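# Commentary on secondary and tertiary structure
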Amino acid sequence: SVEPNCAKLHADWATELIPRDLVFTALTPLFDFPSSVGGLLWRPHSDPEPDLPLLKHRYSMGEAVVFDGKLMHQTEPFSFEGLPEGFERVLASFSFCAKSEGERDHWPHIEQVLKDQTQHYYVTPSGPSGKPRKGVAPFAQARSEVHALGLSSYREWWRWSRSPKRPGHVPLRP
């Protein structure tokens, strides 16, 4: 199940170094989900303010939801209780970015996000790479460094983790 306190509002491409309308995420289910299974909750605004309403998208086999990488979204909380034994909620997730000479300055930042999201494979504007990311701190070390910052809320973590202040060895998604 996905408990309400486990599903966190986030943007896949939240770093301030990448502008809007440059990167996109597409999500599609690999099979039909029962209506009780969590959909996609999203905010028409890209600010993680807790008092703004979330809108809901219901996943449907054969359709994909495609959204700007800056869109704040999360999995809708749900329980596996009452679902068929062995049921799994599986989505295919695709990341897209503009590949134009005018956007070349953003490519290193796009590549960094891809590396943070996928440890062993990613595609860069210059082609595929199967190399594991290098120089990432072990989880315990990265957590200790982040705790030492004294951030007092998820919002502070969200802003810090997507700013140029986050060192490359501290992963966005450990």
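These numbers come from a predicted model, not from an experiment.

### As for the packing of aromatic side chains
- Tallied over the entire structure, the rule returns seven aromatic pairs.
- On the basis of an interplanar angle of 85° and a centroid distance of 6.1 Å, the ring pair of Phe-31 and Phe-87 is categorised as edge-to-face. With Phe-31 in the loop between strand E1 (23–29) and strand E2 (40–42) and Phe-87 in the loop between strand E5 (73–75) and strand E6 (91–97), this pair connects stretches of sequence that are 56 residues apart.
- Overall, the relative accessible area of 30% leaves Phe-31 in the partly exposed class.
- With centroids separated by 6.1 Å and ring planes inclined at 55°, the aromatic side chains of Phe-80 and Phe-87 adopt a geometry described as tilted.
- Here Phe-80 falls in the partly exposed class, since its relative accessible area comes to 34%.
- Residue class for Phe-87 comes out buried when judged on its relative accessible area of 15%.
- Among the aromatic residues, ring-to-ring pairing joins Phe-31, Phe-33, Tyr-59, Phe-78, Phe-80 and Phe-87 into one connected group.

### Some thoughts on the confidence of the model for the chain
- Of all residues in the chain, 84% have pLDDT values of 70 or greater, and the mean over the chain is 80.
- Here strand E8 (residues 127–129) is the element of the chain with the lowest mean pLDDT, 52, and strand E4 (residues 65–68) is the one with the highest, 93.

Conventions adopted
- Residues numbered from 1 in each chain as written.
- Predicted model: local features only at pLDDT ≥ 70, side-chain atom pairs only at ≥ 80, totals over all residues.
- Heavy atoms only, no water.
- Phe/Tyr/Trp six-rings, centres within 6.5 Å; stacked < 30°, edge-to-face > 60°.
- Helix = DSSP H or I, 4+ residues; strand = E, 2+ residues; numbered from the N terminus.
- Buried < 20%, exposed > 50% of the residue type's maximum accessible area, 1.4 Å probe, protein only.
- pLDDT = per-residue confidence, 0-100.

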